[in-house]
Protein chains: 2
Amino acid sequence: MVVKSELKLIKSLQQKKCRIEHGLFVIEGKKTLEEVVKSQMRPYKLFAVDPSNLDIGGHEVTQVGARELSQMSSLKNPNGYLGVFYIPEKVEKIASDWVLVLDGVQDPGNLGTIIRLCDWFGINDIVCSNDTVDCYNPKVLQATMGSITRVNIQYRSLSTFLGSTELPIYGTFMDGDNVNTITLPKKGILIMGNEGKGVSSTVAELCTDRLAIPQFGEQTTESLNVASATAILLHEIRK
Amino acid sequence: MVVKSELKLIKSLQQKKCRIEHGLFVIEGKKTLEEVVKSQMRPYKLFAVDPSNLDIGGHEVTQVGARELSQMSSLKNPNGYLGVFYIPEKVEKIASDWVLVLDGVQDPGNLGTIIRLCDWFGINDIVCSNDTVDCYNPKVLQATMGSITRVNIQYRSLSTFLGSTELPIYGTFMDGDNVNTITLPKKGILIMGNEGKGVSSTVAELCTDRLAIPQFGEQTTESLNVASATAILLHEIRK
């Protein structure tokens, strides 16, 4: 049994302003929930239709009915498990050799896929412009599959961040230099731009190098999806 | 003005069985619609809230109200343009040097992204197992951004197709050989598997080579998203 006010609070966390106000976010799904509980993320409350199925150590789980769960869930078809967690404190320190910078990425699925890619390729730090989609958005979290616990994501002014670094700054542009002909250094910053508009002009001016992924055959498709392009460039960085 | 029976027909095309029954599918959005009309795809009927904005040569466009359009649309927020097209006839011939084979890919967004990748990298042929998501699914078409007109997509038994080819068959597996250490030939078949289960055992037996994309750092993430992995492998094939 969950009280009405709590159902309302949890439902409200689908909106960014409510997540910020309460400092909480929601994870759904058994596997991701188990992964996040085992990380350093601090649970506020956990709910399950069948708690006995959940492998999460000593944490308390509230049993709920399927109807109650669907009232809290952001999914069309809730899957029986939902956890509310505290948004971790901001860490401004950069720990990884390469940093991925996102300049206005809007699609939650793209951000989720990019976080998962960073986890795969050992990129610990993502720095997002303030207008990039929120990483605690339910659709982002659905696409990250637990990788959110292993990648440090910051939101800040890119001009300030890029203005204060000594690292080479690689921007991605349609007319940049062919990545296949370039030797990438051991440390650096890679910038991926907005789905439609690419890297903004303010940020473009701060780039020390311009990269492109060569197209093959006729010039027909307009562009690669930003998550596909990130996959290829992180693979090149790690080769 | 659109008659009720036609609204009902178009709405029904969101389902695969109705698309097959009528041999029709739906494209939404101004830019994609303009691109598809200019291709070899044959329009059945085109609708727009404001036809004067549409650049589609001599084709007839029916003006509709926003409410009528939303009754036909599969989108939460329809964008004012909708076209119904004839599903093209099957072409079983293989025209490209490399062929991408999809073994049970389920997510429409993944298939859409993969079609767009094939267009970018000049892979003309995709052969899908019969249990791969339908390429005329509205969510697939939303992610392809018009690339559907430039890539030939076939659905057939993979055992039959792979059993009859002389080309080397590269399957993608978690424990395959590091793609960075392999020289890929000029012609071949690349197989990508289902999101959760990977390449099926029947298909795995027909592979002549096994590929993997190396992970960097700790073995934490379970796997790369299938569209991300396809991006990296097609990039390697075309280098």
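Residues numbered from 1 in each chain as written. Chains lettered and ligands numbered in written order. Predicted model: local features only at pLDDT ≥ 70, side-chain atom pairs only at ≥ 80, totals over all residues. Heavy atoms only, no water.

### Remarks on the overall build of chain A
- The secondary structure content of chain A amounts to 9 helices and 10 strands.
- Here chain A has a C-alpha radius of gyration of 20 Å; the compact-globule value for 239 residues is 18 Å, and the two agree.
- When the backbone C-alpha atoms are referred to their principal axes, chain A occupies close to 60 × 40 × 30 Å.
- Considering chain A as a whole, with its 239 residues, one finds that 54% of them fall into the buried category.
- Expressed as a percentage of contacts within chain A between residues at least 6 apart in sequence, the contacts between residues at least 24 apart total 75%. (Helix = DSSP H or I, 4+ residues; strand = E, 2+ residues; numbered from the N terminus. Rg over C-alpha atoms; globule rule 2.2 N^0.38 Å. Buried < 20%, exposed > 50% of the residue type's maximum accessible area, 1.4 Å probe, protein only. Contact = heavy atoms within 4.5 Å.)

### Here we look at the side chain of Gln 154 of chain B
Residue and element names in this part refer to chain B.
- Looking at the element boundaries, Gln 154 is found in strand S7 (residues 152-155).
- For Gln 154, a relative accessible area of 5% corresponds to the buried category.
- One polar contact links the side chain of Gln 154 to the main-chain carbonyl oxygen of Val 91, over a distance of 3.3 Å.
- Discounting residues that sit within four places of it in the chain, Gln 154 has contacts with Val 91, Glu 92, Lys 93, Ile 94, Asp 125, Ile 126, Val 127 and Cys 128. (Polar contact = N/O pair within 3.5 Å; in protein donor to acceptor, adjacent residues only side chain to side chain.)

### Things to note about the sheet that holds strand S1 (residues 24-28) of chain A
All names here are of chain A.
- Spatially, 4 strands are ordered S1-S4-S2-S3 in an open sheet, and the strand pairing comes out mixed. Lying at the two open borders of the sheet, with one neighbouring strand each, are S1 and strand S3 (62-63).
- Where strand S2 (residues 43-48) and S3 come together, 2 bridges link them in parallel fashion. Looking at S3, one finds that Phe 47 is bridged to Thr 62.
- Sheet strands touched by helix H1 (residues 4-12): S1, S2 and strand S4 (81-86). Its angle to S2, the strand with the most contacts, is close to 105°.
- Helix H3 (residues 30-37) rests against S1, S2 and S4 of the sheet, and its axis sits at about 30° to S4. (Pairing = 2+ DSSP bridges. Axes fitted to C-alpha atoms, helices over the stretch in contact; angles between N-to-C directions.)

### A look at the interface of chain A and chain B
- Contacts between the two partners involve 30 residues from chain A and, on the opposite side, 30 residues from chain B.
- Remark: the boundary between chain A and chain B carries 2 salt bridges.
- Between Lys 239 of chain A and Glu 236 of chain B there is a salt bridge, and its shortest N-O distance comes to 2.8 Å.
- Among the secondary structure elements, those contributing two or more residues to the side of chain A that touches chain B are helix H5 (108-120) and helix H9 (226-238) of chain A.
- Considering each element in turn, the side of chain A that touches chain B owes the most residues, 6 residues, to H9 of chain A. (Salt bridge = Lys/Arg side-chain N within 4 Å of Asp/Glu carboxyl O.)

### So, the relation of the copies chain A and chain B
- Note on the copies: chain A fits chain B at an RMSD of 0.0 Å, the axial shift is 0.0 Å, and the rotation between them is 180°. The superposition of one copy onto the other is thereby described by a two-fold rotation axis.
- Interface residue correspondence from chain A to chain B reaches 100%, placing this contact among same-surface, isologous pairings. (Least-squares fit on C-alpha atoms with pLDDT ≥ 70 in both.)

### Let's talk about the nonpolar core
- Membership of the largest hydrophobic core comes to 100 residues, with the highest contact counts inside it found for Leu 190 of chain A together with Leu 190 of chain B.
- Once residues within four sequence positions are removed from consideration, Leu 190 of chain A is found in contact with Trp 98, Val 99, Leu 100, Val 101, Tyr 170, Thr 172, Leu 211, Leu 233, Leu 234 and Ile 237 of chain A.
- Formed by 14 residues, the second largest nonpolar core is a distinct cluster that contains Phe 161, Ile 169, Val 203 and Ala 204 of chain A. (Core = buried A, V, L, I, M, F, W, Y, C linked by side-chain atoms within 4.5 Å.)

### Comments concerning the sheet that holds strand S2 (residues 43-48) of chain B
Residues and elements named next belong to chain B.
- The mixed open sheet is built from 4 strands, whose spatial order is S1-S4-S2-S3. Of all strands in the sheet, those bounded by a partner on one side alone are strand S1 (24-28) and strand S3 (61-63). For this sheet, the mean inter-axis angle between neighbouring strands, taken without regard to orientation, is 20°.
- Note that S1 and strand S4 (residues 81-86) share 5 bridges and pair antiparallel.

### A closer look at helix H1 (residues 4-12) of chain B
- Turning to H1 of chain B, its buried residues are Glu 6, Leu 7, Leu 9, Ile 10 and Ser 12 of chain B.
- Structurally, H1 of chain B contributes buried residues whose contacts are with helix H2 (16-22), S1, S2, helix H4 (66-72) and S4 of chain B.

### Focus: the UniProt feature "domain: MRM3-like substrate binding" (unreviewed entry) in chain A
- If you check UniProt for "domain: MRM3-like substrate binding" (unreviewed entry), the listed places come out as residues 6-83 of chain A in our numbering.
- Spanning residues 6-83 of chain A, this segment combines 37% helix with 21% strand, and its end C-alpha atoms are found 13 Å apart. (UniProt positions renumbered as here; feature names shortened; annotations may be inferred.)

### What about the packing of H5 of chain A against H9 of chain A?
All names here are of chain A.
- Packing of H5 against H9 leaves a shortest axis separation of 9 Å and a crossing angle of 10°. Judged on the interaxial angle alone, H9 and H5 are roughly parallel. Seen along the crossing, H5 lies across H9 with a hand that is right-handed. Each of Asn 110, Thr 113, Ile 114, Leu 117 and Cys 118 in H5 lies in contact with H9, whose residues at this interface are Val 226, Ala 227, Thr 230, Ala 231 and Leu 234.
- Residues belonging to the contact of H5 with H9 are distributed by class as follows: 7 nonpolar, 3 polar and no charged. (Parallel < 35°, antiparallel > 145°, perpendicular 65-115°, else oblique. Left-handed = near helix turned anticlockwise from the far one by under 90°. Nonpolar A, V, L, I, M, F, W, Y, C, P; charged D, E, K, R; others polar.)

### Here's the deal with the environment of Glu 34 of chain B
All names here are of chain B.
- Tracing the backbone shows Glu 34 in helix H3 (residues 30-38).
- A relative accessible area of 12% means that Glu 34 is categorised as buried.
- For Glu 34 and Leu 233, which are 199 residues apart along the polypeptide, the C-alpha to C-alpha distance reads 31 Å.
- Residues within four places of Glu 34 in sequence aside, it is in contact with Asn 53, Leu 54, Asp 55 and Ile 56.

### Some remarks on the side chain of Asn 110 of chain A
- Examined against the element boundaries, Asn 110 of chain A turns out to sit in helix H5.
- When near neighbours in sequence (up to four residues on either side) are disregarded, Asn 110 of chain A contacts Val 105, Glu 195, Asn 225, Val 226 and Ala 227 of chain A.

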